[in-house]
Amino acid sequence: MTQAPARTDILDIARDQVLARGIGFDRDQTLEVLQLPDDRIDDLLAVAHDVRMAWCGPEVEVEGIISLKTGGCPEDCHFCSQSGLFASPVRAARLDIPSLVEAAKQTAKTGATEFCIVAAVRGPDERLLAQVAAGIEAIRNEVDIQIACSLGMLTQDQVDRLVAMGVHRYNHNLETARSHFPNVVTTHTWEERFETLRMVREAGMEVCCGGILGMGETVEQRAEFAADLAALEPDEVPLNFLNPRPGTPFGDLEVLPATEALKAVAAFRLALPRTILRFAGGREITLGDLGAQKGILGGINAVIVGNYLTTLGRPAETDLDLLGELKMPIKALGETI
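Residues numbered from 1 in each chain as written. Predicted model: local features only at pLDDT ≥ 70, side-chain atom pairs only at ≥ 80, totals over all residues. Heavy atoms only, no water.

As recorded by an unreviewed UniProt entry, the protein chain carries the name Biotin synthase and is attributed to Rhodococcus gordoniae. Of the protein chain, the UniProt comment under Sequence similarities (unreviewed entry) reads exactly: "Belongs to the radical SAM superfamily. Biotin synthase family." Check the Pathway (unreviewed entry) section of the UniProt entry for the protein chain; it says "Cofactor biosynthesis; biotin biosynthesis; biotin from 7,8-diaminononanoate: step 2/2." (UniProt positions renumbered as here; feature names shortened; annotations may be inferred.)

Set out below in structure tokens:
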């Protein structure tokens with residue numbers, strides 16, 4: 001009886017396909033990575049780190065974010081305490097222009113090259129766009145930093161106006177796999193989000209698109225999400241991990257185990273070998289200090305420093321000190337990764 005040939009190990013495939021040739025994993029390959037046993041995590045992270053170094057280099061992009069309009073959002077994203085539909089402790093508020101400029105100054109002092117202006121809206125109205133325009137002009141007069149925006153779903157005219165303002169990167173997360181999206185949001189569709197991203201790319205802005213892991217998706221849907229993002233070819237993918245917020249529909253979900261989060265970091269790097277992969281919200285409670293180091297040595301090449309929109313992050317100095325210890329230089333303004 002002829003014995004079937006031994007199956008090639010998925011990490012050996014990664015070394016040949018992704019590390020040597022720069023071809024990202026497809027959905028089935030990503031799923032196989034996500035299903036690796038926990039005792040293979042260190043080997044997996046090492047391969048993912050090698051891929052990051054080979055195709056992105058050692059530099060780390062540092063970014064700060066600020067909420068221009070907090071709370072009162074009409075959408076029902078089940079993870080978000082800024083929805084006006086949930087009984088969460090977040091209340092609607094707006095930031096004035098001087099506060100926005102000061103936040104940009106403080107962000108630049110950390111060595112960050114990227115400052116993202118965020119608003120909790122379905123999409124920007126005229127008042128918000130005027131405030132964003134005034135804020136960008138005021139920041140440019142005082143701070144040398146690149147400006148990104150995250151203002152929800154856009155029309156073509158709004159895309160064109162943001163380009164004219166000098167916004168170089170637009171964030172609009174797909175949040176989760178297409179098949180899981182209806183379980184996360186019901187007030188708009190995955191396709192509506194994708195349409196905004198299509199217009200942003202065609203207008204010449206960089207595309208920043210990621211999501212949140214640990215929202216009740218299956219491991220198969222995690223692999224699907226990585227494949228969705230790879231098909232989009234974003235310039236940046238922020239990886240968030242659910243930090244369950246009181247008063248939201250996902251407020252009672254369990255925090256994603258650190259082992260699953262680390263496997264996801266590496267898997268997304270193998271699916272997206274050339275993409276900026278950014279540590280974002282929830283990493284503190286999911287991974288802690290040790291996990292943060294393992295993630296940066298497992299495929300991550302960008303971080304958000306300081307606090308997030310409605311949750312506390314690690315002090316900026318903690319992340320910057322860690323990058324120094326790991327001998328990973330912060331990307332300079334105007335430099336590409």
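Caption draft 1: Expanded view of the UniProt feature "binding site: [4Fe-4S] cluster" (unreviewed entry) in the protein chain. Feature annotation in UniProt assigns "binding site: [4Fe-4S] cluster" (unreviewed entry) to the following positions: Cys 73, Cys 77 and Cys 80. Its place among the elements puts Cys 77 in the loop between β1 (61–70) and β2 (93–94). For Cys 77, a relative accessible area of 9% puts it in the buried group. Structurally, the position occupied by Cys 80 is in the loop between β1 and β2. (Helix = DSSP H or I, 4+ residues; strand = E, 2+ residues; numbered from the N terminus. Buried < 20%, exposed > 50% of the residue type's maximum accessible area, 1.4 Å probe, protein only.)

Caption draft 2: Representation of the UniProt feature "binding site: [2Fe-2S] cluster" (unreviewed entry) in the protein chain. Mapped onto this numbering, the UniProt entry gives "binding site: [2Fe-2S] cluster" (unreviewed entry) at Cys 116, Cys 208 and Arg 278. Judged by maximum C-alpha separation, these annotated positions cover 163 residues in sequence but sit close together in space, the widest gap being only 13.4 Å. Following the sequence through the fold, Cys 116 ends up in strand β3 (residues 114–119). Given a relative accessible area of 5%, Cys 116 falls into the buried group. Apart from the residues within four sequence positions on either side, Cys 116 is in contact with Glu 63, Gly 64, Ile 65, Ile 66, Ala 148, Cys 149 and Ser 150. By secondary structure assignment, the location of Cys 208 is in strand β6 (residues 206–208). Those residues in contact with Cys 208, other than ones at most four positions away along the chain, are Arg 169, Tyr 170, Asn 171, His 172, Asn 173, Leu 197, Glu 236 and Pro 238. (Contact = heavy atoms within 4.5 Å.)

Caption draft 3: Expanded view of the nonpolar core. Ile 117, Ile 139 and Leu 162 are the most contacted members of the largest nonpolar core, which has 94 residues in total. Considering every element that reaches this core, the biggest residue donor is helix α9 (residues 258–271), with nine residues. Not counting the four nearest positions on each side in its chain, Leu 162 is found in contact with Leu 129, Val 132, Leu 151, Leu 154, Val 167, Tyr 170 and Met 205. Counting six residues, the second-largest nonpolar core is a separate cluster that includes Cys 116, Ala 148, Ala 280 and Ile 304. (Core = buried A, V, L, I, M, F, W, Y, C linked by side-chain atoms within 4.5 Å.)

Caption draft 4: Region of interest: the pattern of salt bridges. In the structure shown here, the tally under the stated rule is 25 salt bridges. Here Arg 15 makes a salt bridge to Asp 12, at a shortest N to O gap of 2.8 Å. Of this pair, Arg 15 and Asp 12 both sit in helix α1 (residues 10–20), three residues apart, roughly one helical turn. Judged by relative accessible area, Arg 15 falls into the partly exposed class, the value being 36%. (Salt bridge = Lys/Arg side-chain N within 4 Å of Asp/Glu carboxyl O.)

Caption draft 5: Quick peek at the packing of aromatic side chains. According to the stated counting rule, one finds two aromatic pairs in the structure shown. Ring geometry for Trp 190 versus Phe 194: centroids 5.5 Å apart, planes at 15 degrees, classification stacked. With Trp 190 and Phe 194 both in helix α7 (residues 190–202) and four residues apart, this pair spans about one turn of that helix. In this structure Trp 190 comes out as buried when scored by relative accessible area, which is 8%. Seen in terms of ring centroids, Phe 225 and Phe 268 are 5.9 Å apart; in terms of plane orientation they differ by 70 degrees. Their pairing is edge-to-face. Of this pair, Phe 225 sits in helix α8 (residues 219–232) while Phe 268 sits in helix α9, and the two are 43 residues apart along the sequence. Residue class for Phe 225 comes out buried when judged on its relative accessible area of 1%. Note that Arg 274 overlies the ring of Trp 55, its terminal NZ or CZ placed 4.3 Å from the centroid. (Phe/Tyr/Trp six-rings, centres within 6.5 Å; stacked < 30°, edge-to-face > 60°. Lys NZ or Arg CZ within 6 Å of the ring centre and 35° of its normal.)

Caption draft 6: Expanded view of the pairing of strand β9 (residues 276–279). Of the two faces of β9, the one carrying Ile 276 and Arg 278 and the one carrying Leu 277 and Phe 279 are both buried. The parallel pair strand β8 (residues 236–241) and β9, bridged by α9, forms a crossover whose chirality is right-handed. Note that β9 and strand β10 (residues 302–304) share two bridges and pair parallel. The residue bridging Phe 279 from the neighbouring strand is Val 303, located in β10. (Right-handed = clockwise from strand over helix to strand, strands pointing away. Pairing = 2+ DSSP bridges.)

Caption draft 7: Geometry of unusual backbone geometry. With a phi angle near 75 degrees, Glu 175 is a residue other than glycine that sits in the positive phi range. Examined against the element boundaries, Glu 175 turns out to sit in the loop between β5 (169–171) and α7. On the basis of relative accessibility, which here comes to 7%, the residue Glu 175 falls in the buried class. Phi angles above zero are rare outside glycine, and Glu 233 is one such case at about 55 degrees. Looking at the secondary structure, you find Glu 233 in the loop between α8 and β8.

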